[in-house]
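Spelled out, the chains give:
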Amino acid sequence: WWDSADYMMGAKEIAGLDLDTYNLNPRRPFFLSILWGAILWLGGNDSALTFSVLLMSLGAVLYTYLIGKDLFNAEVGLIAAFLMAVFWENLFFTARLLTDVPAGFFLIAGFYHFIKGPVNNGHKKHAILAGILIGLAWFTRSASLVMLVPLLIILLLKHKTSVIKNKNSWLTALLIIIVMLPFFIFLLSSSDNALKSYTGVGAGRFEGGGFAGLWENLKLILRTLTPYYYWIFYIGLFFTADCFLGLDLISKNKDQELTNKLYLILWTIAPWLFFGLTFNRALEDRYYMAIYPTMLIIAAYGLYKLKTLAENYIKLKWITTTLLIILLIFIAYPQVTYADQLIKARSTGFAEVALAGYWIKENSNPQD
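Read on for an overview of the structure. The model shown is predicted, which means the values in this text are computed figures rather than measured ones.

### So, the overall build of the protein chain
For step 1, the next point in the chain: Within the protein chain one finds 17 helices and 0 strands.
For step 2, the next point in the chain: A globule of 368 residues ought to have a C-alpha radius of gyration of about 21 Å, and the protein chain, at 22 Å, matches this closely.
For step 3, the next point in the chain: Counting only residues that meet the buried cut, the protein chain has 47% of its 368 residues in that class.
For step 4, the next point in the chain: In the protein chain, once contacts between residues fewer than 6 apart in sequence are set aside, the share between residues at least 24 apart is 75%.
For step 5, the next point in the chain: When the accessible surface of the protein chain is summed, it comes to about 18500 Å², and 67% of that surface belongs to carbon and sulfur atoms.
For step 6, the next point in the chain: Averaging the locations of the 29 positively and 24 negatively charged side chains of the protein chain gives two centres separated by 12 Å.

### Observations concerning the nonpolar core
For step 1, the next point in the chain: One finds Trp36, Leu83, Phe111 and Tyr229 to be the most contacted residues of the largest nonpolar core, which totals 104 residues.
For step 2, the next point in the chain: With 11 residues, the single largest contributor to this core is helix α6 (residues 100–119).
For step 3, the next point in the chain: Excluding residues within four positions of it along the chain, Tyr229 makes contact with Leu83, Val86, Phe87, Leu296, Ile331 and Gln335.

### Observations regarding the packing of aromatic side chains
For step 1, the next point in the chain: Counted according to the given criterion, the structure contains 27 aromatic pairs.
For step 2, the next point in the chain: Measuring from centroid to centroid gives 5.5 Å for Phe275 and Tyr287, while their planes differ by 80°, and the two rings are edge-to-face. Of the two residues, Phe275 is situated in helix α14 (residues 256–278) and Tyr287 in the loop between α14 and α15 (292–310); the sequence distance between them amounts to 12 residues.
For step 3, the next point in the chain: Residue Phe275 is classed as buried on the basis of its relative accessible area, which comes to 4%.
For step 4, the next point in the chain: On the accessibility criterion, Tyr287 (28% relative accessible area) is partly exposed.
For step 5, the next point in the chain: Ring pairs connect the aromatic residues Phe30, Phe31, Tyr63, Phe105, Phe106, Tyr112, Phe139, Phe183, Phe186 and Tyr198, which therefore count as one cluster.

### A closer look at the environment of Ile108
For step 1, the next point in the chain: One can find Ile108 in helix α6.
For step 2, the next point in the chain: Along the sequence, Ile108 and Gly59 sit 49 residues apart, while their C-alpha atoms lie 9.3 Å from each other.
For step 3, the next point in the chain: Sequence-distant contacts of Ile108, defined by excluding residues within four places in its chain, comprise Ala60, Tyr63, Ile67, Trp267, Ala290, Pro293 and Thr294.

Rules used throughout
Residues numbered from 1 in each chain as written. Predicted model: local features only at pLDDT ≥ 70, side-chain atom pairs only at ≥ 80, totals over all residues. Heavy atoms only, no water. Helix = DSSP H or I, 4+ residues; strand = E, 2+ residues; numbered from the N terminus. Rg over C-alpha atoms; globule rule 2.2 N^0.38 Å. Buried < 20%, exposed > 50% of the residue type's maximum accessible area, 1.4 Å probe, protein only. Contact = heavy atoms within 4.5 Å. Areas by Shrake-Rupley, 256 points an atom, 1.4 Å probe, with all protein chains shown as cover. Lys, Arg positive; Asp, Glu negative; His and termini not counted. Charge placed at Lys NZ, Arg CZ, Asp CG, Glu CD. Core = buried A, V, L, I, M, F, W, Y, C linked by side-chain atoms within 4.5 Å. Phe/Tyr/Trp six-rings, centres within 6.5 Å; stacked < 30°, edge-to-face > 60°.

Printed below as a string of structure tokens:
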């Protein structure tokens, strides 16, 4: 894809191959080009680059488990991690050299450490990791900046005006800026109007979506959860929507489970609201990679609640556990088969372009 080629050209330039044909794009933070350039410089090939994406994809599964476990319990975490591990969207984009899986991993990992550190006054290491990971997410993909909004709202919900005195929050913010410094320096040194170059404001970048944009992007997100995943997400929403009825308890920090549900929903709706209000059309499913883990945690919570309700009538716990496992296998199989078919179908989608490139290379001089 064009985006893959763009990041790979940056990686080759950084690796020191003296191509002199590529300029970094002010709208594209270039951490992945640095990472992949380092792998190429060390002698790695395309397989090594893809393996780096695989590791981050596995990391997203791990942090899906950790968030589910920390906000609810280990059973919710395990169900959510399984759902994420076999999700077709995650599998398909693990096989492509794009920013979506890496940025999604950095964001969901940063979300976890942000809750553990600045929000819940945890150990300083969580504030440090949150800052580094969120900074890397932004340095990987510009749209990651949107996810700072739900984090700020979550922080204000928990600490209100005392957030100003929260040292962990300031530490996280400082580290985000430090991680982004290379990109900020590049942006300021390469453009007369850095803000316009980066955001595209005033250059036709944003079209204005309004209600139509919100509706089209909502349909896109729900279509992405097919087959079956959207049904279990609806079940999860049914069991988590009570957080809106308990906002008074949340504001007084009197019900942590309701608060945790609200954290997940705030994280999930933030990019939908941003892209829906700024674009009048549905974007691509990969733009929402950062919220699929929290959507699947919500779904996992719904399945867990159904299981606990069933246990009130079926006294043998092994029966409800077996039924849950059967259900998970039933909804996982079409996810994996669809991803497999899609990966194979797209693997040669640009074969003709590659052949044309090889022909040009064989019939031209290196200095052309």
